[in-house]
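Analysis of the macromolecular model
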Amino acid sequence: MSITFGRTPLALPEPIAELLRRYVSELEEQRTFVGGGPDWLFPGTTPHLHVSEAIVTLHLAPHKIDARRTQNARIDQLVQTVPASVVADTLGINIGTAIRHAARTGSRWGNYPELRASLSDE
């Protein structure tokens, strides 16, 4: 089973895939409105709209999960792996925000052309 975020499909390992199958099955049983829009994985209370970031944050808070800190930590990790411009484009965040994350974490992707040149010289 795979799930697509944006344009990127992600293969799910079987334990996660099974949980997702169960969730989608239960979700279909709960739908109180009829067709005519996207089938959101996380539907909002208004037909045809996905759940808002604010609602997700409210649901995570009782579990002691700070959504903002979690999101920032994930961006910090991503800018260590790929250039800030790619992170910004993929996540739909401002390039300045991605660059600040990269600077704060000491990401070397800002030196990408030099890194590439030094690797080709070896």
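Residues numbered from 1 in each chain as written. Predicted model: local features only at pLDDT ≥ 70, side-chain atom pairs only at ≥ 80, totals over all residues. Heavy atoms only, no water.

Applying the stated criterion to the full structure yields 1 aromatic pair. Taking 5.9 Å as the distance between ring centres and 40 degrees as the angle between the ring planes, the aromatic pair formed by tyrosine 23 and phenylalanine 42 counts as tilted. Of this pair, tyrosine 23 sits in helix α1 (residues 14-30) while phenylalanine 42 sits in the loop between α1 and α2 (53-60), placing them 19 residues apart in sequence. (Phe/Tyr/Trp six-rings, centres within 6.5 Å; stacked < 30°, edge-to-face > 60°. Helix = DSSP H or I, 4+ residues; strand = E, 2+ residues; numbered from the N terminus.)

Tracing the sequence through the fold places histidine 101 in helix α5 (residues 95-105). Engagement of the side chain of histidine 101 in a polar contact is seen with the side chain of arginine 104, the distance being 2.9 Å. With sequence-adjacent residues up to four places away left out, histidine 101 is seen in contact with Asn72, Ile75, Asp76 and Val79. (Polar contact = N/O pair within 3.5 Å; in protein donor to acceptor, adjacent residues only side chain to side chain. Contact = heavy atoms within 4.5 Å.)

What follows concerns the packing of helix α3 (residues 67-81) against helix α4 (residues 84-91). Axes are the key here: two packed helices are described by the angle between their axes and the distance separating the axes. Viewed as axis vectors pointing N to C, α3 and α4 meet at an angle of 130 degrees, and their least axial separation amounts to 8 Å. Judged on the interaxial angle alone, α4 and α3 are oblique. The element α3 and its partner α4 pack so that their crossing is right-handed. Along its contact with α3, which presents Ile75, Leu78 and Val79, the element α4 presents Ala84, Val87 and Leu91. In terms of residue class, the contact of α3 with α4 is built from 6 nonpolar, no polar and no charged. (Axes fitted to C-alpha atoms, helices over the stretch in contact; angles between N-to-C directions. Parallel < 35°, antiparallel > 145°, perpendicular 65-115°, else oblique. Left-handed = near helix turned anticlockwise from the far one by under 90°. Nonpolar A, V, L, I, M, F, W, Y, C, P; charged D, E, K, R; others polar.)

This brings us to the nonpolar core. The biggest cluster of nonpolar side chains holds 7 residues, and these are Ile75, Val79, Ala84, Val87, Ala88, Ala98 and Ala102. Residue assignment for this core shows that the elements contributing at least two residues are α3, α4 and α5. Isoleucine 75 has contacts with Val87, Leu91, Ile93 and His101, leaving out every residue within four places of it along the chain. (Core = buried A, V, L, I, M, F, W, Y, C linked by side-chain atoms within 4.5 Å. Buried < 20%, exposed > 50% of the residue type's maximum accessible area, 1.4 Å probe, protein only.)

As a further point, take the confidence of the model for the protein. Overall, the predicted model of the protein reaches an average pLDDT of 81, with 80% of residues at or above 70. At the low end of the mean pLDDT range in the protein sits helix α6 (residues 112-121), at 56; at the high end sits α5, at 93. (pLDDT = per-residue confidence, 0-100.)

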